[in-house]
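Here are the chains, one letter per residue:
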Amino acid sequence: MDLRRSSILLLIIALLSPRTLSMRYELKSSKTKCIGEEIHENAMSIGKYFIVNPNEDHHPLPDSHKIIVKVMPPQGKNLHEADNVEAGQFSFTAYENGSYVACITAIDYKPETTLTIDFDWKTGVHSKEWTNVAKKSQVDMMEYQVKTLMDTVISIHEEMYYLREREEEMQELNRSTNSKMAWLSFGSLVVCLSVAGLQFWHLKTFFEKKKLI
C-alpha cells in the first residue's frame, strides 16, 4: 500500500514539476534551429537566450555574431520576434494547448561563422529570477492595457463634451430660427393685410369715380 502511495505521489510530482529545456548548441551562418515545446493552456512560459562570447578577454561580440529569434504558437501571430540581437528573453501565457516553437537563425555572414548559443526555456514553477522576468512582462502588458483604457475613457469624455456643445449650439440655432420665423410670419401677415387694405381702398375709389356706389 505504501509503495502504491509513493508511486502516485511521484507521478503527481512529475506532472506538476516545471519542464525545463536548457541547452547549448552551435549554429552556422544563415542556418536555423527550431525547438518545440508542448505547453498546456494558461501555462506560463519563459525563455532566455544569448550568444556565447568566443573572446576570452570579454571583448564585444563581432558583427557576425547576431541572431534572429521567433517564438511561434500553434496558430496565430508570433509571440516574440527579435532581429539582429546578441541576447534576449521572452515570456507568455499559453492561450491554447499545443506545440510552441522557438526558432533561432544565425544571420547570413561571409565568411561563414559558427555561433555558440545558450538557450533556456522553462514552463511551470520558476525560480525567483525567472518569476521576476515574467512579472515584469505582465506588469508592462497591464500598464499598456491600463493606458489604452485611460486613453479610451478620455476620448469618450471629450466626445461627450463635444456632443454636448454641439447640442447646445443646435438648440441655440433652433431658438434663433424659431424667433426669426416668428418675426417673418408676423411681417408677412402685416404685408398681406397692407396689400389687402390698399386693394380694398383702390376698388372703393374706382367704384366711387364710376358712381357705382
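Here's a quick rundown of the structure. Predicted model, so just to flag it, every value in this text is computed and none were measured. (Residues numbered from 1 in each chain as written. Predicted model: local features only at pLDDT ≥ 70, side-chain atom pairs only at ≥ 80, totals over all residues. Heavy atoms only, no water.)

We now examine the overall build of the protein chain. Looking only at helices and strands, the protein chain features two helices and eight strands. Starting at the N terminus and walking to the C terminus, you meet the elements of the protein chain as α-β-β-β-β-β-β-β-β-α. Counting only contacts in the protein chain whose residues sit at least 6 apart along the sequence, the fraction spanning at least 24 positions is 74%. (Helix = DSSP H or I, 4+ residues; strand = E, 2+ residues; numbered from the N terminus. Contact = heavy atoms within 4.5 Å.)

Before going further, it helps to examine the sheet that holds strand 5 (residues 80–85). Spatial strand order, 2-7-4-5: four strands in an open sheet with antiparallel pairing. Edge positions in the open sheet fall to strand 2 (32–39) and strand 5, since each of these has one partner strand only. Averaged over all neighbouring strand pairs, the angle between strand axes comes to 10 degrees, with direction disregarded. As defined by bridge partners, strand 2 adjoins strand 7 (residues 98–106) across eight bridges and the pair is classed as antiparallel. Bridged to Lys33 within strand 7 is Ile104. (Pairing = 2+ DSSP bridges. Axes fitted to C-alpha atoms, helices over the stretch in contact; angles between N-to-C directions.)

Take the state of the cysteines next. Note on terminology: a disulfide is the covalent bond linking the sulfur atoms of two cysteines. If you walk through the whole model with that rule in mind, you get one disulfide. Note on cysteine connectivity: Cys34 is disulfide-linked to Cys103, with sulfurs 2.0 Å apart. Judged by the sign of its S-S torsion, about 110 degrees, the bond between Cys34 and Cys103 is right-handed. Of the two residues, Cys34 sits in strand 2 while Cys103 sits in strand 7, which places them 69 residues apart along the sequence. Accessibility expressed as a relative area gives 12% for Cys103, which makes it buried. (Disulfide = S-S within 2.5 Å. Buried < 20%, exposed > 50% of the residue type's maximum accessible area, 1.4 Å probe, protein only.)

Assignment of secondary structure puts Ser64 in the loop between strand 3 (44–51) and strand 4 (67–72). When near neighbours in sequence (up to four residues on either side) are disregarded, Ser64 contacts Ile107, Tyr109, Thr113 and Leu115.

On to the side chain of Ser29, then. Positionally, Ser29 belongs in the loop between strand 1 (19–28) and strand 2. A relative accessible area of 2% means that Ser29 is categorised as buried. Those residues in contact with Ser29, other than ones at most four positions away along the chain, are Ala106, Ile107, Tyr109, Glu112 and Thr113.

Before going further, it helps to spend a moment on the nonpolar core. Core analysis: the biggest nonpolar cluster contains 24 residues, and Tyr49, Ile67, Ile104, Ile117, Phe119 and Trp121 have the highest contact counts within it. Elements supplying a minimum of two residues to this core: strand 1, strand 2, strand 3, strand 4, strand 5, strand 6 (87–93), strand 7 and strand 8 (114–123). (Core = buried A, V, L, I, M, F, W, Y, C linked by side-chain atoms within 4.5 Å.)

Turning next to the pairing of strand 7. Among the nine residues of strand 7, seven are classified as buried, and the element is accordingly described as predominantly covered. Of the strand pairs in this sheet, strand 4 and strand 7 are connected by six bridges, and their pairing is antiparallel. Residue Ile68 lies in a different strand from strand 7, and its bridge partner there is Thr105.

Overall, the coordinates contain four salt bridges when judged by the stated rule. The salt bridge involving Arg166 is made with Glu169; its shortest N-O contact spans 3.3 Å. Of the two residues, Arg166 and Glu169 are both situated in helix 2 (residues 128–209); the distance of three residues between them amounts to about one turn of the helix. For the salt bridge of Glu172 with Arg175, the shortest nitrogen-to-oxygen distance reads 2.8 Å. Of this pair, Glu172 and Arg175 both sit in helix 2, three residues apart, which is roughly one turn of the helix. According to the relative accessible area criterion, Arg175 is partly exposed, its value standing at 48%. (Salt bridge = Lys/Arg side-chain N within 4 Å of Asp/Glu carboxyl O.)

The next point concerns a nonpolar patch on the surface. Among the surface-exposed residues, Val146, Met150 and Ile154 lie close enough to one another that they form a single nonpolar patch of about 280 Å² accessible area. Within the fold, Ile154 resides in helix 2. (Patch = residues over 30% accessible without salt bridge, like charges linked within 9 Å, V, L, I, M, F, W, Y side chains within 5 Å. Areas by Shrake-Rupley, 256 points an atom, 1.4 Å probe, with all protein chains shown as cover.)

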